[in-house]
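Report on the structure
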Amino acid sequence: MSTPLVDVLLPLAVPGAYTYAVPASLEGRLGVGSHVVVPLGKNKRYSGIVVRCPGTPPAEGITLKEVEELVSDRPVLLPSQVDMWRWMAYYYMCTPGEVMKAALPAGLRLESETHLVAAPDYDADDLPPIARTILAHLRGDKGMCINDLQKAMKGLRGMLGILNGLIRHGAVTVSEKVSMGYRPRTEQYVVPGPACATEAAAHAALDSLQRSPRQTALLLDLLSLPSGERIARSRLMKMHPGAESALAALVKKEMATVIDCEVSRLTTDGTMAEPAPLSPAQQRAHDDIHSRWATHDVCLLHGVTSSGKTEIYTHLIHEVIAAGGQVLYLVPEIALTTQLTDRLARVFGPQMGVYHSRYPDALRAELWLRQLSDRPLPLVLGARSALFLPFRRLGLIIVDEEHETSYKQQEPAPCYHARDVAIMLARQAGAKVLLGTATPSIETYHNATDKGRYGLVTLTERYGRVQLPEVEVVDVKELRRKKLMPTPFSPRLITEVKQALADGQQAILFLNRRGYAPVLECRACGWVPHCTACDVPLTLHQSTGRLVCHYCGASYAVPTACPQCEGTDLRDMGCGTEKIEEAVQTCFPEARVARMDQDTTRSRRAYDRLISDFRDGQTNLLIGTQMVTKGLDFERVRIVGILDADQMLRQPDFRAFERAYQMMSQVAGRAGRRQTRGRVLLQTRQPDLEVVQQVVRSDYGALYLSQLAERREYLFPPFCRLIEIRLRHRDEPLCAHAAQQLAALLRPYFGDYLLGPDRPLVARVQNQHLRQMLLKVLPAWSPQQVRQTLLQAAATLHASPTYRAVTLLFNVDPQ
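Residues numbered from 1 in each chain as written. Predicted model: local features only at pLDDT ≥ 70, side-chain atom pairs only at ≥ 80, totals over all residues. Heavy atoms only, no water.

What follows is about the overall build of the protein chain. Looking only at helices and strands, one finds 25 helices and 34 strands in the protein chain. Taken against the 2.2 N^0.38 rule, which gives 28 Å for 815 residues, the C-alpha radius of gyration of the protein chain at 31 Å falls within 12% of a compact globule. By principal-axis analysis of the C-alpha atoms, the protein chain measures approximately 90 × 70 × 65 Å. Within the span of the protein chain, comprising 815 residues, buried residues form 52% of the whole. Within the protein chain, the 85 negative side-chain charges are centred at a point lying 2 Å from the centre of the 95 positive side-chain charges. (Helix = DSSP H or I, 4+ residues; strand = E, 2+ residues; numbered from the N terminus. Rg over C-alpha atoms; globule rule 2.2 N^0.38 Å. Buried < 20%, exposed > 50% of the residue type's maximum accessible area, 1.4 Å probe, protein only. Lys, Arg positive; Asp, Glu negative; His and termini not counted. Charge placed at Lys NZ, Arg CZ, Asp CG, Glu CD.)

In structure tokens, the structure reads:
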């Protein structure tokens, strides 16, 4: 009888899965989705997922290693998820292992780490003092992992070299230890003990405690519990403060028993309610969506800002859940989950879960396992990573603000777009997709109109028939020429903000650049400090008093003198949100100011606090980057100031005008969302630019037609697909030469449709030099043939020992 086999996927950038033999102890216990530990190479052990059972038979003469351990009898993956991972690896030209690493929450990934133990009979007398100290830490059966040893040695320099010497001389043995990050949360509960098993025994126990009133009170509460019930130890101690010793005495007498019980980290509080009634316009849009779904699985809801799209989503979610289905609600920014959680919780209560990267690993792992249980949550709200969650009865996926670039993963692989993966996931599950936005991406709108691939529903009026905000363009070029604008704010903007604050209203100031100033410059010789690891100038952050690289995160002390000319006149150039905050405190001293950018929202609680304070009126002037443009809903915002529209308009990207229109229109939509009409002041040096006038008129149709004409002429999406090819290496000449070699391999197949190789705008990041190419893929070409050609060229390049260390990344559909 042949040995059963399984194919196991490992979180490594290798082309496929590895085949392992199933030992007799695990026969019949493994299936697709099983979480196992397997050996790889001489010493390594990895956790993997069984993706095929039975596995692929090996070539003749090959001896297979065995699966070492089954982590849990319950699978951590559904077969449908395995299929989705394979599709993502195929479409986005990466490996299934890279998809696995991105998909599984860290709490469910078993980590293999090097474990060190000192040889028990090794004579350490002749060793140097530092080596003897290392051995002392490693004595005993448990030993230590390398990370713990480094902490114990307080980051001793040269420790690894000393350790390698000890390993070579047999003083230290090495093994691989696998551990799981996720542990179920447990809580202590108290129940009556065996000494109170019968009514007579309980009476006898109480009689014996007549001189111990505190123990008697505790035992009476325990005996009053309904049969089979238990009470949390923390609750019992709240009922009897200072009774810890009394409880310990009861446990010792076996009158009480303390047990550890597994409890959920997920919030299960709250009640459910019916959604609020829809307005006539919302009801028409709701009904039209159902009509479009009759002929299209994907529908675009193109509704102006503050038209009440979220309320329509709520009704659709309610209908799907009532029919026994599940809903995935995707948002582009973690900040959006804060407001949406409050709104949706009022309707769906304990039926809703939240999943994104700012949540603790253990909480995400628990939600993942909950979705695999027989009691999955019907509604999950999350950022793009929520796509990877298991769903058994998926009925609807909502992609809110579908145009947002945040849905696109940049690095590491897979470089997926959550909107496109959502559509594929829904197709696999037989579910519907609703894409919602006030400013659709050109490609999505093209699919909904000219191509007819998606259904289209429009919502042209704001909720309550409130008018769209009035957009007023301020020509700052003329104001600066006349020296009428000494601050980042035009006189008109200062007047409007002061009036809004005086009337008890709020204002938002938008600048898509964090930090204090993007450049520090020597006025004498023009020297600008750059990051030593990246080809970018350092950004001045006044809050920390440091210069920071926004690419690698390195920080440097602010110089007091120029290293080139020794001049001391170093001036900051340009504005970031920190400088705007400083200027606000001067121009609007009465304002209660908050700043929302990456620096002030590094934790989930920081997001929540900023948004709730502004919503409740604790702050009345909000300064922010693109975070404030993404669907936030505030009642009292009258004025929005777009401080530097030109920064968005001058980006070297064929999508620059589209992105600028979307960002300016979205932030403008934060104004006047309730009773009174809001006002937007758009500061620019190019007031006559066509896209600026389109923002003023809120004319998405004109933007779409003008962008479509340009892209048709110059062959850009939606008239072709793009694949960006990135090469990276520490040696710049080698990286450049590898790019030339790869281009030479591809040019015979793609000709002039392959652009490059070129140096990108930022040509070095973290001491890795970069080169890039751009391939325009025509609709008539076979996607499979294009993929095979690219992968074959990459394999040929890496087959050369010279280029084997060059990192190559394919970014399909770059944004």
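Attention now moves to the packing of helix α7 (residues 213-223) against helix α9 (residues 244-252). The N-to-C vectors of α7 and α9 enclose an angle of 70 degrees; their axes lie 9 Å apart at closest approach. On the basis of the axis angle, α7 is roughly perpendicular to α9. The residues of α9 that touch α7, namely those facing Arg214, Gln215, Leu218 and Leu219, are Ala246, Leu247, Ala249 and Leu250. Tallied by class, the residues present in the contact of α7 with α9 amount to six nonpolar, one polar and one charged. (Axes fitted to C-alpha atoms, helices over the stretch in contact; angles between N-to-C directions. Parallel < 35°, antiparallel > 145°, perpendicular 65-115°, else oblique. Contact = heavy atoms within 4.5 Å. Nonpolar A, V, L, I, M, F, W, Y, C, P; charged D, E, K, R; others polar.)

Here we come to the sheet that holds strand β3 (residues 35-40). Pairing is antiparallel in the open sheet, where five strands are placed in the order β2-β1-β4-β3-β5. The open sheet terminates on both sides in strands that have one partner only, identified here as β2 (18-21) and β5 (69-70). Both strand β1 (residues 5-9) and β2 contribute to a ladder of four bridges, which runs antiparallel. If you follow Val8 over to β2, its bridge partner there is Tyr18. (Pairing = 2+ DSSP bridges.)

Counting buried residues along strand β13 (residues 326-330), five of its five residues qualify, which places the element largely inside the surrounding structure. Of the two faces of β13, the one holding Gln326, Leu328 and Leu330 and the one holding Val327 and Tyr329 are both buried throughout. Sheet analysis places β13 next to strand β16 (residues 394-400), joined by five bridges and oriented parallel. Bridged to Val327 within β16 is Leu396. Pairing between β13 and strand β15 (residues 379-382): four bridges, direction parallel. Note on β15: the bridge partner recorded for Val327 is Leu379.

In total, this model carries 14 aromatic pairs according to the counting rule given. With a centroid separation of 5.6 Å and 90 degrees between ring planes, the pair formed by Tyr313 and Tyr329 is classed as edge-to-face. On the criterion of sequence distance, the pair formed by Tyr313 in helix α11 (residues 309-322) and Tyr329 in strand β13 is long-range, its members being 16 residues apart. Per residue, the accessibility class of Tyr313 equals that of Tyr329, and both read buried. Ring geometry for Phe654 against Phe716: centres 4.4 Å apart, planes inclined by 15 degrees, an arrangement best described as stacked. (Phe/Tyr/Trp six-rings, centres within 6.5 Å; stacked < 30°, edge-to-face > 60°.)

With respect to the element layout, Thr305 can be found in the loop between β12 (298-303) and α11. Under the relative-accessibility criterion, Thr305 is labelled buried at 9%.

Formed by 120 residues in total, the largest nonpolar core has its most connected members in Trp368, Ile642, Ile725, Leu727 and Leu790. Looking at this core element by element, the count peaks at eight residues for helix α24 (residues 732-750). Setting aside residues no more than four positions away along its own chain, Trp368 makes contact with Val76, Leu77, Gln81, Ala103, Leu104, Pro105, Leu108, Tyr355, Phe388, Leu389 and Pro390. Formed by 28 residues, the second largest nonpolar core is a distinct cluster that contains Leu301, Val320, Leu344 and Leu434. (Core = buried A, V, L, I, M, F, W, Y, C linked by side-chain atoms within 4.5 Å.)

Bringing the environment of Leu250 into the picture now. Here Leu250 shows up in helix α9. Given the relative accessible area of 0%, Leu250 is considered buried. Once the C-alpha coordinates of Leu250 and Ala195 are considered, the two residues, 55 residues apart in sequence, prove to be 9.7 Å apart.

The omega angle of the peptide bond from Cys53 to Pro54 is 5 degrees, so this bond is cis rather than trans. Position of Pro54 among the secondary structure elements: in the loop between β4 (44-52) and β5. Look at the link from Gly756 to Pro757: it is a cis peptide, with omega at 10 degrees. In this structure, Pro757 sits in strand β31 (residues 754-758). The backbone phi angle of Met93 is positive, close to 55 degrees, even though this residue is not glycine. Within the secondary structure, Met93 is located in the loop between α1 (79-91) and α2 (96-103). For Leu715, which is not glycine, the phi torsion reads 60 degrees and is therefore positive. Within the element layout of this structure, Leu715 appears in the loop between α23 (700-714) and β30 (721-729).

Let's shift gears to the environment of Phe810. Within the secondary structure, Phe810 is located in strand β34 (residues 807-812). Separated by 85 residues in the primary sequence, Phe810 and Ile725 place their C-alpha atoms 4.9 Å from one another.

To continue, consider the sheet that holds β13. The seven strands lie next to each other as β14-β15-β13-β16-β17-β12-β18, forming an open sheet whose pairing is parallel. Single-partner strands in this sheet number two, and they are β14 (352-355) and β18 (455-459). Strand after strand, the sheet turns through a mean of 15 degrees between neighbouring axes, direction not considered. In terms of strand pairing, β14 meets β15 through four bridges, oriented parallel. The residue of β15 that forms the bridge with Gly353 is Val380. Taken strand by strand, helix α13 (residues 361-372) contacts β13, β14 and β15, and its axis lies near 135 degrees from that of β14.

The next subject is α11. With 14 residues, α11 should cover 20 Å at 1.5 Å per step; its first-to-last C-alpha distance of 20 Å lies within 8% of that length. Taken across its 14 residues, α11 has eleven buried, putting it largely inside the fold. Buried within α11 are the following residues: Lys309, Thr310, Glu311, Ile312, Tyr313, Thr314, His315, Leu316, Ile317, Val320 and Ile321. Residue Gly324 follows α11 closely and has a positive phi angle near 90 degrees. (Expected span 1.5 Å × (residues − 1).)

In this section: helix α10 (residues 280-293). With 14 residues, α10 extends 20 Å from end C-alpha to end C-alpha; this agrees with the ideal 20 Å at 1.5 Å per step. When we look at burial in α10, the residues that qualify are Ala281, Gln282, Ala285, His286, Ile289 and Trp293. Projected down its long axis, α10 carries its buried residues within an arc of 140 degrees, all on one side. Buried-residue contacts for α10 involve β12, α11, β16, β17 (432-437) and β18. (Arc of directions from axis to C-beta.)

Here we take up the packing of α24 against helix α25 (residues 783-799). Taken N-terminus to C-terminus, the directions of α24 and α25 make an angle of 145 degrees; their axes are 10 Å apart at the nearest point. Helix-helix and strand crossings are classified by hand; for α24 and α25 the assignment is right-handed. Across the interface between the two elements, Ala738, Gln741, Leu742, Leu745, Leu746, Tyr749 and Phe750 from α24 touch Val786, Thr789, Leu790, Ala793, Ala794, Thr796 and Leu797 from α25. In terms of residue class, the contact of α24 with α25 is made up of eleven nonpolar, three polar and no charged. (Left-handed = near helix turned anticlockwise from the far one by under 90°.)

The next thing to look at is the state of the cysteines. Here is the idea: a disulfide is a covalent bond, and it sits between the sulfur atoms of two cysteines. Tallied over the full model, the rule gives zero disulfides. You can see Cys565 has no disulfide; the closest cysteine sulfur is in Cys522, sitting 3.6 Å from it. Here Cys565 falls in the partly exposed class, since its relative accessible area comes to 34%. (Disulfide = S-S within 2.5 Å.)

Nothing here speaks to function; it is geometry throughout.
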